[in-house]
Amino acid sequence: MKWISKHRNELKNVNLVNQSSYLIKNYLRIKTTKLFFGLALVATLFTSCYTEVIVADNHVDPIPAITLAELVGSYELWYVDIERTTGNGNIPFLQKAFTVSFRNGKIFANNNLVGFGSQGNGFGIDVGYYDTYGNTLEVDHDIDGFYSFKVTQLNDFEIELFFPQQNISYVLEGYQRNTFDYDTVFYRNIHYFLQEYDAWEKTLTSEYGNLNEFDYENYLAFIPGGGDGNFQSSQDQNGIHPYDLYWDYTGIYNVDDVSGTERLKYLTLDYDYLGNEYFELSVVNDQTIELFHSDSGTLYEFTGRGYIQYRTASEGKLRKTKKDIAKTMKKISQF
């Protein structure tokens, strides 16, 4: 009986061991399964979060690109900054223009200071056609012919036109008509304004002032060339056509700035061996100027006759840089 009891106890112990082993294995299996699913869930959540971050970080709004046609048309006026021109020679239609405009395939230019700001609603006159391809601007000018420019955008309001055949570059500054300072351009280039009439006829002499030699001068003409240009004067009677005038004197003229103001200038006329005459020059309108003779205290009014609209190369005025003017200018003024 003891053996049987002992044997039964041994079998009981074996069964307990087997049962414990089975429970442990099941427990480990369940725990492993839970751990696997737990890790899988964490990995899924981590991957999901990580993917969302990547999508958010890589999302960039597209930057709108504009064509060259849209670029040159984005400003109503392009001021030709003649001081920043580089290279040898010149492109006539750009050299004489104060502003150019590109409007629906047509080019407009303000070549004259007479009517500057009002002619063509501020755009100037129609001078030709243009087209664009990539970064190439092709211009077919009515008078000067065909030009092909490489265009570089320098910043938000400046472009450079490069003509490879002559290695010439022009810098243009963009403006809208309602923000463009027409008056400043006018007064800074007033010596060109004087050249835009065949002659200036004296139409008024003040009653005040002392008698002087200039009282007998009835016509003046300012001609492009030679620094600030040459001038002529005539004592012919009033009412004569500019082409029929006899010019009694020739000489050189200078226009100088007056400190503190744009609208008043000094005008010096060099009458060769007769000496110089000095005036304060002011503009009444784009056809009338006043000359105040400082020595005598007399005020004269002159009216422009024979307006010259600049279109062709033979019509004179090609704008020059201050550096180029200084090379040839004979300084005759006392200012």
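(A) Quick peek at the pattern of salt bridges. Scanning the model with the defined rule gives 10 salt bridges in all. Notably, a salt bridge pairs Arg 84 with Glu 158, separated by 2.6 Å at the nearest N-O pair. Separated by 74 residues along the polypeptide, Arg 84 in the loop between β1 (77-80) and α3 (92-95) and Glu 158 in strand β7 (residues 158-163) bring together distant segments of the chain. Note that Arg 84 is salt-bridged to Glu 173, the shortest N-O span being 3.7 Å. With Arg 84 in the loop between β1 and α3 and Glu 173 in strand β8 (residues 168-175), this residue pair connects regions lying 89 residues apart in the sequence. Relative accessible area serves as the criterion here: at 33%, Arg 84 is assigned to the partly exposed category. Overall, Glu 173 belongs to the buried group, its relative accessible area being 11%. One network of salt bridges, in which partners are shared, links Asp 81, Arg 84, Glu 158 and Glu 173.

(B) Focus on the sheet that holds strand β4 (residues 125-133). Around the barrel, which closes on itself, the eight strands sit in the order β1-β2-β3-β4-β5-β6-β7-β8 with antiparallel pairing between neighbours. Taking each pair of neighbouring strands and ignoring which way they run, the sheet shows an average axis angle of 35°. Examined bridge by bridge, β7 and β8 share six bridges and lie antiparallel to one another. Residue pairing in the sheet places Phe 163 in a bridge with Ile 168 of β8.

Cut-off values and rules
- Along each chain, the written sequence defines residue order, and numbers are assigned to residues from 1.
- Local features in this predicted model are restricted to residues of pLDDT 70 or higher, and side-chain atom pairs are both shown and tallied only at a pLDDT of 80 or more, whereas totals for entire chains, interfaces and linings draw on every residue.
- The basis for every side-chain value is the complete set of non-hydrogen atoms in the structure, without hydrogens or water.
- By convention in these notes, a salt bridge is any Lys or Arg side-chain nitrogen within 4 Å of a carboxyl oxygen on Asp or Glu.
- The way it works is that DSSP assigns letters per residue, a run of H or I at least four long becomes a helix, a run of E at least two long becomes a strand, and they are numbered from the N terminus.
- Relative accessible area decides the class of each residue, using a 1.4 Å probe on protein chains only: under 20% of the type maximum gives buried, over 50% gives exposed, and in between gives partly exposed.
- Two strands form a pair only when DSSP identifies at least two bridges running between them.
- As a rule, the C-alpha atoms of each element are fitted with a line to give its axis, helices using only the stretch in contact, and angles between N-to-C directions run from 0 to 180 degrees.

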